[in-house]
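Structural overview
The primary structure of each chain is shown beneath.
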Amino acid sequence: MLIQENEEYIVVKANKIDEKYIYYQCPYCFKINNGRILDSPYCKKTKRYCKSAVQNTHKHGSGGDLFGRIEQRVSHCKINHKKEVKIIIDETTIGCLKEK
Ligand SMILES: [Zn+2]
């Protein structure tokens, strides 16, 4: 989920965290059923909404740390790869642990 956006970075909320990865939905790219990544859910050829398009999920290593924090990373996005991403991990993130 996109929280904030400026010239240099975006701020997103992670939807899930586990021992290996932090997952967030990218506001810039969409995945269609043949695995292709598009920059919008609309098909340029047919000018119609692509029914199988879903917001693509990017994952970054969690380092096994499941507690709430903000992680700053270089984006893996092929569509908007120049911006850094700040990933908020909080109590709304699936798998996030509360501070003791
Ligand atoms: Zn992306």
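Residues numbered from 1 in each chain as written. Predicted model: local features only at pLDDT ≥ 70, side-chain atom pairs only at ≥ 80, totals over all residues.

**Comments concerning the sheet that holds strand β2 (residues 9–13)**
This is how it is decided: Strands are labelled as partners when DSSP assigns at least two bridges between them. Helix and strand assignments follow DSSP, with helices taken as H or I runs no shorter than four residues and strands as E runs no shorter than two, numbered in order from the N terminus. Axes here mean lines fitted to C-alpha atoms, for a helix over just the part in contact, with angles spanning 0 to 180 degrees between N-to-C directions.
Pairing is mixed across the open sheet formed by four strands, whose spatial order is β1-β2-β10-β9. The sheet is open, and its two edges are formed by β1 (2–5) and β9 (69–74), each paired on a single side. Taking the axes of each pair of neighbouring strands and ignoring which way they run, one obtains an average angle of 20° across the sheet. Sheet analysis places β2 next to strand β10 (residues 84–89), joined by five bridges and oriented parallel. Each residue of the ladder has a partner; that of Val12, found in β10, is Ile87.

**Section: the environment of Phe67**
Put simply, the rule is: To assign burial, the other C-beta atoms lying within 10 Å of each residue's own C-beta are counted, with C-beta atoms placed from the backbone; 20 or more indicates buried, 12 or fewer indicates exposed, and intermediate counts indicate partly exposed. By the criterion used throughout, residues are in contact when their C-beta atoms, derived from the backbone, lie within 7 Å.
Relative to the helices and strands, Phe67 is located in the loop between β8 (54–61) and β9. The exposed category is assigned to Phe67, around which 12 C-beta atoms lie within 10 Å. The spacing of Phe67 and Gly95 is 28 residues in sequence and 8.9 Å in space, taken between C-alpha atoms. Each residue touching Phe67, except ones within four places of it in the same chain, is listed here: Leu97 and Glu99.

**Examining the confidence of the model for the protein chain**
Detailed conclusions should not be drawn from predicted coordinates in areas where pLDDT is low. Just so we agree on the cut-off: The predictor rates its confidence in each residue with pLDDT, a number between 0 and 100.
Here the protein chain shows a mean pLDDT of 92. Residues at 70 or above account for 99%. Across the protein chain, element-level confidence peaks in strand β3 (residues 16–17) with a mean pLDDT of 98 and bottoms out in strand β6 (residues 42–43) with 84.

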